[in-house]
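Summary of structural features
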Amino acid sequence: MTDTLDFSVVICAYTERRWEALIEAVESLERQTVPPREVIVVIDHNEALLQRALERFRDLSVPVAVIENHQERGLSGARNSGVAAASAAIIAFLDDDAAADERWLEFTRDAFLDERVMGVGATIDLDWQGPAPQWFPAEFNWTVGGTYRGMPTSRAPVRNLIGAAMAIRGSLLKGSEGFRSVLGRTDAVKLPLGGEETELCIRLKQRHPANHFVYEPRANVKHKVTLDRATWRYFTRRCYAEGLSKAHMSRLVGKQDGLSSERAYVLQALPSGVLRGVRDTVFKRDLHGLGRSAAIVLGLLATATGFLVGSKAPKNTTTTTTTAATTVP
C-alpha cells in the first residue's frame, strides 16, 4: 500500500514579498525522507512572480511545476488550480511562508495507512520573525496559523485540518467541488481572512461519516510569523474575523458541525489558559501572565462579537470581504 501513497505538494503564492520564504518552502521538500512525486507552485495572478518562479525552480532534485491560478483570484482558487494539476494519490498543501521538517511526508503517509483517514494535519510551530510577544497566549496560536495549546498530544481524530500544512486524499478533493472561494483569502481584503479548509473538511465528513481527519503531531512544519502580526490590533481583528466566519460557516454546514469543536475549546482550553496566566503571575512572578489571561478574554469577546454581527447579516450578503474561516480543529 505504501507504494500507492505518493504525494503531490501544492504551494500557493501571490506576492514577491515572500520570495525568500517561498524558496525555503520548496527547498524543504527536496529534503523529505519520503520525496513527493511532484511539487506544484501555483502563482495567484502575479505575472512578475510567475516569471521569477519559472526561472528559479528549474532542475531541482524533485519535479517542480510552476503554474498559474486559472480560477478566481484568492487562495481557494489557487488551491483548486493546484488540485486540478496534481496527479498523486495524496495532495498535500504547504504555505509559501512555511518550511517542512524532513519527515513531514513520512509521518503523514503513516497516518494514511488507515483507509478510513481522509486527511492528515501536522504540528505547525510558530517561527516568529523577531521576539515573540510575551503577552501572546498559546491558546490563540491559530490566529497566526499555528498549532494551539489544547490540541491532542498524539495522533487523534479532529474535525478539520489547519491549512498551513495538511494533506487530503486526491480522490476526495477531485470528487468534490473543492475549496469555496467565498471563504478563501484574497490579497485585496483588509480583514485577515482564510480557513476555507475548515468548511471543506466538514463537508467531506458529512458526505463520508464513517471516515475522519486526523492530527499527527510527529509531522512537523515551521510557519513564519511576521512582526506585524505580533500586535494587539492584529490579534483582535483576527479574532473578530473568526467570529464573522463562524457565523457564515454555520449557515453552510449547520451549527452542530460548524461549532462542535469550538464548544470544547471555549469551555475547557480557554478557562485553563486564563488560570495558567494568573498562576504564572502569582507563583512565577511573570507579570506577562496577566497579559496572556487578558488576551484570552479579549480574544473570546472579539470572536463572540464577530459571531453575533455575522449572525445578523442578511443571508445573501457577499462574504468575501467579511469572513475568515476558523483554524480551530
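A brief look at the structure comes next. (Residues numbered from 1 in each chain as written. Predicted model: local features only at pLDDT ≥ 70, side-chain atom pairs only at ≥ 80, totals over all residues. Heavy atoms only, no water.)

Another point: the packing of helix H1 (residues 19-30) against helix H2 (residues 47-56). Two numbers describe how H1 lies on H2: the axes approach to 12 Å, and their chain directions differ by 40 degrees. Classed by the angle they form, the pair H1 and H2 counts as oblique. Crossing of H1 against H2: the hand is right-handed. The residues of H2 that touch H1, namely those facing Trp 19, Ile 23 and Glu 27, are Leu 49, Arg 52, Ala 53 and Arg 56. Its residues assigned to classes, the contact of H1 with H2 comprises four nonpolar, no polar and three charged. (Axes fitted to C-alpha atoms, helices over the stretch in contact; angles between N-to-C directions. Helix = DSSP H or I, 4+ residues; strand = E, 2+ residues; numbered from the N terminus. Parallel < 35°, antiparallel > 145°, perpendicular 65-115°, else oblique. Left-handed = near helix turned anticlockwise from the far one by under 90°. Contact = heavy atoms within 4.5 Å. Nonpolar A, V, L, I, M, F, W, Y, C, P; charged D, E, K, R; others polar.)

Now for the packing of aromatic side chains. A full pass over the atoms with the stated rule returns twelve aromatic pairs. Seen in terms of ring centroids, Phe 136 and Phe 235 are 5.9 Å apart; in terms of plane orientation they differ by 75 degrees. Their pairing is edge-to-face. Here Phe 136, found in the loop between strand S6 (117-128) and strand S7 (156-158), pairs with Phe 235, found in helix H7 (residues 232-253); they are 99 residues apart in sequence, far enough to count as distant. We note that Phe 136, like Phe 235, is buried. Relative to Trp 142, the ring of Phe 140 lies with its centre 5.5 Å away and its plane at 35 degrees, an arrangement referred to as tilted. Trp 142 carries the same exposure label as Phe 140, and that label is buried. A cation over a ring is seen here: Arg 79 above Phe 93, with NZ or CZ 5.7 Å from the ring centre. (Phe/Tyr/Trp six-rings, centres within 6.5 Å; stacked < 30°, edge-to-face > 60°. Buried < 20%, exposed > 50% of the residue type's maximum accessible area, 1.4 Å probe, protein only. Lys NZ or Arg CZ within 6 Å of the ring centre and 35° of its normal.)

Here we take up helix H4 (residues 104-112). The buried fraction of H4 amounts to seven of the nine residues, a majority that puts the element mostly inside the structure. Listed in full, the buried residues belonging to H4 are Trp 104, Leu 105, Glu 106, Phe 107, Thr 108, Ala 111 and Phe 112.

Let us now look at the pattern of salt bridges. Taken as a whole and judged by the stated rule, the model has 24 salt bridges. As a salt-bridge pair, Glu 55 and Arg 58 come within 3.5 Å of each other at their nearest N and O atoms. (Salt bridge = Lys/Arg side-chain N within 4 Å of Asp/Glu carboxyl O.)

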